[in-house]
Amino acid sequence: MSSPLVITGMGMVSPLGCGVNASWERLLAGRSGVSSITRFETGELPIKVAGTVPGRESDPEAGFDPDRVADAKERRKMELFSLYAMAAAEEALTQANWFPSSDEERLATATIVGSGIGGFPTITQAQNTLSTRGYRRLSPFTVPAFLANLAAGNVSIRYGLRGPLGCPVTACAAGVQAIGDGMRLIRSGEAEVALVGGAEACIDPLSLASFHAMKALSTEQAAPAKASRPFDQARNGFVMGEGAGLLVIETLAHAEARGATPLAFLSGYGTSADAHHITAGPEDGAGAAAAIRAALRMAGLAPEAIDHINAHATSTPVGDRAEIAALRNAFGDALPGIPISATKSATGHLLGAAGGVESIFSALAAIQDRLPPTLNLEHADADLSDLDLVPGEAREHRCRHVLCNGFGFGGVNAALIVSKV
């Protein structure tokens, strides 16, 4: 029997702050990372709130300091999503104590960092420069900054990780799929260790206006912290967020051989396609349910063995309904007994980074037996009355196995099961 896969390191940059512990404790305390947009003038744009990563000036305790990640010369070559990935990678690799020094170790380390959009602000800024100042004024680093795989590329270069390098660009499932890809690489023998997860930073007037044109974003203005309302009757769209969540994963045997501490098991993974619609899942949730069932099969678990679910739950009526349909499809009568948290209520939707961040929240729920709350859930949809959606406050709860979902445009579905060591 092959050695089980384990997490040995975790790193995070989120709207709740920088660092896994800061983000997790603030999440459990019921704090929101959603605030009014101040990074640029929103003008007539009706979207006024987002889950932006706080800076040091507004959050001395856990704000993001780009100077600690890269010097000014390096930063000219990178977009913000790469900087977030670099910060999360440092935290995860430090916890795992994995800084390979030999050629053998470097070649055995994969780097898989998913992103839904990559360096979108660089593209919009470059187009503005081209239109107003001409092609000669474009930076030679424009392309390396916006390519979606450059978060993985920059991390790989910094730490000399010479194994397989990849970047699932599968919309909002990218972070979970990156973890699944890393699991496969280790199982196939192509890597012994993998740094996996997602990174995103595309809060930009054009991206906000484009999602608004789809009627997908919340237009809340007066109370930013209440804008993200998964499962609530008053929700009116998702809140765009940003950040990065990365894990160091390896087999238990490899971790024990080098003296690393296993934090949690990665016991199951599944992925599927809806083959239905470019932006909406089928009403019966069949595609997502297939991914969940595949994860359960890999884990060798019955549905009732799951103790907690971190739902994808973006706070759009169509998406929330489809996910609940998928959960009812996959879990049947067991679902009312499984607490379901929607952590996007506190962070907004981090798109391609969501799965990386939420897989860490899922691992911490299993490690600590604590459930994060679903914020802003005042009046749940009437057909959810039988479900435990962990409204308002965190709670203690025995968690042996936790399911984390990630679904994206194009009909892509991914599900991960994290288990207690």
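The structure we're discussing is the one just above.
Participant: Sorry if this is basic, but what is going on with the nonpolar core here?
Facilitator: If you look at soluble globular proteins, the nonpolar side chains tend to sit buried side by side. In this structure, Ile7, Met10, Met183, Leu247, Ile249, Leu266 and Leu416 are the most contacted members of the largest nonpolar core, which totals 47 residues. Looking at this core, the element that brings in the most residues is helix α14 (residues 354-368), giving 8 residues. Those residues within four positions of Met183 in sequence are excluded, and the remaining contacts are Leu5, Ile249, Leu266, Gly268, Tyr269, Met298 and Leu416.

Participant: Looking at this structure, how should I read the pairing of strand β5 (residues 109-114)?
Facilitator: Taken across its 6 residues, β5 has 6 buried, putting it largely inside the fold. By the alternation rule, side chains of β5 split into Thr109, Thr111 and Val113 and Ala110, Ile112 and Gly114, which are all buried. Bridge analysis of β5 against strand β7 (residues 193-200) gives 6 bridges, and the strand direction is parallel. Note on β7: the bridge partner recorded for Val113 is Gly197. Note: β5 against strand β6 (residues 165-166), 2 bridges, orientation parallel. Within β6, the position partnered with Thr111 by the bridge is Leu165.

Participant: Just checking my understanding: could you explain the packing of helix α11 (residues 286-299) against helix α12 (residues 317-331) for this structure?
Facilitator: Relative orientation and spacing of two packed helices are given, respectively, by the angle between their axes and the distance between those axes. Between α11 and α12, whose axes approach to 8 Å, the crossing angle comes to 45 degrees. With respect to α12, the axis of α11 lies oblique. When you trace α11 past α12, the crossing you get is right-handed. Between α11, through Ala286, Ala288, Ala289, Ile292 and Arg293, and α12, the contact on the second element is made entirely by Ala326, Leu327, Asn329, Ala330 and Phe331. Along the lines of polarity and charge, the residues of the contact of α11 with α12 split into 8 nonpolar, 1 polar and 1 charged.

Criteria and thresholds
Numbers given for residues are sequential positions, taken from 1 along each chain in its written order. Thresholds applied to this predicted model are a pLDDT of at least 70 for local features of residues and 80 or more for the giving and counting of side-chain atom pairs; totals over whole chains, interfaces and linings are not thresholded and use all residues. Excluded from the side-chain calculation are hydrogens and water; included are all heavy atoms of the structure. Nonpolar cores are built from buried Ala, Val, Leu, Ile, Met, Phe, Trp, Tyr and Cys residues. Side-chain atoms within 4.5 Å join them into one set. Note on exposure labels: buried denotes an accessible area under 20% of the residue type's maximum, exposed denotes more than 50%, and partly exposed covers the range between, all computed with a 1.4 Å probe on protein chains only. Here a strand is any run of E in DSSP of at least two residues, a helix any run of H or I of at least four, and the numbering for each starts at the N terminus. Note on contacts: a residue pair qualifies if any of its non-hydrogen atoms lie within 4.5 Å across the two residues. By definition, two strands form a pair when at least two bridges between them are found by DSSP. Every axis in this analysis is a line fitted to C-alpha atoms, fitted for helices over the stretch in contact. Angles between the N-to-C directions lie between 0 and 180 degrees. In what follows, roughly perpendicular refers to angles from 65 to 115 degrees, roughly parallel to angles under 35, roughly antiparallel to angles over 145, and oblique to any angle outside these ranges. In a left-handed crossing the near helix is turned counterclockwise from the far helix by less than a right angle, and in a right-handed crossing that turn is clockwise. Note on residue categories: nonpolar means Ala, Val, Leu, Ile, Met, Phe, Trp, Tyr, Cys or Pro, charged means Asp, Glu, Lys or Arg, and polar means any other residue, Gly included.

Keep in mind that these numbers describe shape and distance, not what the molecule does.
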